[in-house]
Amino acid sequence: MSNESTAAVPQRRNRKAEAAPDLGAGVAAAGVDIEQHIYQTVFDSVLNQRLTPGTKLPEPALCELFNVSRAVIRKVLQRLEHERIVELRPNKGAVIAAPTPEETRQIFEARRALEVSIVELATRRHKPEDLEELRHLLDHEHGVTHNPYQPAWAACAREFHLKIATVAGNPILINYLTELMTRCSLIVALYQPIGNAACEHAEHRRIVDYMAKGDVASARAEMGKHLRSLEDNICLDRKASVQTLAQMLNIG
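Residues numbered from 1 in each chain as written. Predicted model: local features only at pLDDT ≥ 70, side-chain atom pairs only at ≥ 80, totals over all residues. Heavy atoms only, no water.

Examining the overall build of the protein
Part 1 of the reasoning: Secondary structure summary: the protein contains 12 helices and three strands in total.
Part 2 of the reasoning: Residues counted as buried form 42% of the 252 residues belonging to the protein.
Part 3 of the reasoning: Restricting the contact set of the protein to residue pairs at least 6 apart, pairs at least 24 apart contribute 77%.
Part 4 of the reasoning: In the structure as shown, the protein presents an accessible area of about 13700 Å², 52% of it carried by carbon and sulfur atoms. (Helix = DSSP H or I, 4+ residues; strand = E, 2+ residues; numbered from the N terminus. Buried < 20%, exposed > 50% of the residue type's maximum accessible area, 1.4 Å probe, protein only. Contact = heavy atoms within 4.5 Å. Areas by Shrake-Rupley, 256 points an atom, 1.4 Å probe, with all protein chains shown as cover.)

As structure tokens, then:
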């Protein structure tokens, strides 16, 4: 290779670096926590089905995309691993987690057992204002069901289920449910066919109707049926994405 062509390589790299947006500096200048920004970007990309199971998250590429150090990226990846969003593999780096069929079954089984008990407590303990708030959430949810943006559905479903847990009045159960819902939400986002609602609005409404009547048995049965239906919609056969990492993260 000639000296001229050798010298051209770093020049092209420099021009590329100059053209790349300084995302880290821009976010910091806006007063936003850069670690939280990176975490949320990855999390939202999973919920929006852009990052699929098994997608690699190489540290050098993330550092370049977000213009941050490896130390920052590693902190974010460790947090994502703690929440079971990514897997950190020795000498292989991070990949988007891919729950096995057995893990998926166990997670939904645990959630059904927990939420059936939660809705029983909520049915026995609710106040009139609790039902009003739940119906307000249902009205909002009805509008969102016409929104093609799947994470919007997931957010509404999450808020509804956590509100019932709040009505049940047991903070320990809320903590357990929050953890299980995070894992279920990711499974739904990763494996539920695009276009399917994260939760069925009519099923939510029936749950609230049974709560209003004080019908504990029917509320328990409807919640169990509802979560079983959600699990049955899961399709574990997903093709790998052909997009670049920047496209999957919706950057640029």
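From this point, things continue past the structure.
Quick notes on the pattern of salt bridges
When charged atoms on two side chains of opposite charge get close, those side chains can pair.
Part 1 of the reasoning: Taken as a whole and assessed by the stated rule, the structure comprises 17 salt bridges.
Part 2 of the reasoning: A salt bridge links Glu-87 to Arg-89; the shortest N-O distance between them is 3.3 Å.
Part 3 of the reasoning: For Glu-87, a relative accessible area of 29% puts it in the partly exposed group.
Part 4 of the reasoning: The exposure class of Arg-89 is partly exposed, given its relative accessible area of 40%.
Part 5 of the reasoning: Here the salt bridges share partners, and the residues they tie into one network are Glu-59, Arg-70 and Arg-74. (Salt bridge = Lys/Arg side-chain N within 4 Å of Asp/Glu carboxyl O.)

Digging into the pairing of strand β3 (residues 93-96)
Part 1 of the reasoning: Relative to β3, strand β1 (residues 56-57) is paired through two bridges, and the arrangement is antiparallel. If you follow Leu-57 over to β3, its bridge partner there is Ala-94.
Part 2 of the reasoning: Relative to β3, strand β2 (residues 86-89) runs antiparallel, the two sharing four bridges. When the bridges of β3 are listed, Glu-87 appears paired with Val-95. (Pairing = 2+ DSSP bridges.)

Here's the deal with the environment of His-140
Part 1 of the reasoning: Considering the arrangement of structural elements, one finds His-140 in helix α7 (residues 128-144).
Part 2 of the reasoning: With 16 residues separating them in the primary sequence, His-140 and Cys-156 have C-alpha atoms 7.9 Å apart.

A short note on helix α4 (residues 59-66)
Part 1 of the reasoning: Restricting attention to buried positions, one finds in α4 the residues Glu-59, Leu-62, Cys-63, Leu-65 and Phe-66. Buried residues of α4, viewed axially, fall in a sector of 165°; they line one side.
Part 2 of the reasoning: Asn-67 occupies a position one or two residues after α4 and carries a positive phi of about 55°. (Arc of directions from axis to C-beta.)

Brief notes about the nonpolar core
Part 1 of the reasoning: Grouped together as the largest cluster of nonpolar side chains are 32 residues, with contacts concentrated most on Phe-108, Ile-118, Val-119, Leu-134, Ile-164, Leu-177 and Met-211.
Part 2 of the reasoning: Elements with a minimum of two residues in this core: α6 (101-125), α7, α8 (150-168), α9 (171-191), α10 (201-213) and α11 (216-232).
Part 3 of the reasoning: At eight residues, the largest contribution of residues to this core is made by α9.
Part 4 of the reasoning: Apart from the residues within four sequence positions on either side, Leu-134 is in contact with Phe-160, Lys-163, Ile-164, Val-208 and Met-211.
Part 5 of the reasoning: Ranked by size, the runner-up nonpolar core spans 27 residues in total, among them Leu-51, Leu-77, Ile-96 and Leu-186. (Core = buried A, V, L, I, M, F, W, Y, C linked by side-chain atoms within 4.5 Å.)

A word on the side chain of Thr-55
Part 1 of the reasoning: In this fold, Thr-55 is placed in the loop between α3 (34-47) and β1.
Part 2 of the reasoning: When its relative accessible area of 10% is taken as the criterion, Thr-55 is described as buried.

Quick notes on the sheet that holds β1
Paired through their backbone hydrogen bonds, the strands of a sheet run either parallel or antiparallel.
Part 1 of the reasoning: The three strands lie next to each other as β1-β3-β2, forming an open sheet whose pairing is antiparallel. The sheet is open, and its two edges are formed by β1 and β2, each paired on a single side.
Part 2 of the reasoning: The sheet contacts of helix α5 (residues 70-82) involve β1, β2 and β3, and relative to β2 the element is tilted by about 115°. (Axes fitted to C-alpha atoms, helices over the stretch in contact; angles between N-to-C directions.)

Brief notes about the confidence of the model for the protein
Part 1 of the reasoning: Taken residue by residue, the protein gives an average pLDDT of 82. The fraction at 70 or more is 77%.
Part 2 of the reasoning: Contacts of residues 1-23 to residues separated by more than four positions or lying in other chains number seven contacts, the stretch itself having pLDDT below 50. (pLDDT = per-residue confidence, 0-100.)

Some points on the environment of Phe-43
Part 1 of the reasoning: When you line up the elements, Phe-43 lands in helix α3.
Part 2 of the reasoning: Phe-43 sits in the buried class, given a relative accessible area of 14%.
Part 3 of the reasoning: Separated by 37 residues in the primary sequence, Phe-43 and Leu-80 place their C-alpha atoms 8.2 Å from one another.
Part 4 of the reasoning: For Phe-43, the residues in contact, after removing those within four places along its chain, are Ile-85 and Leu-186.

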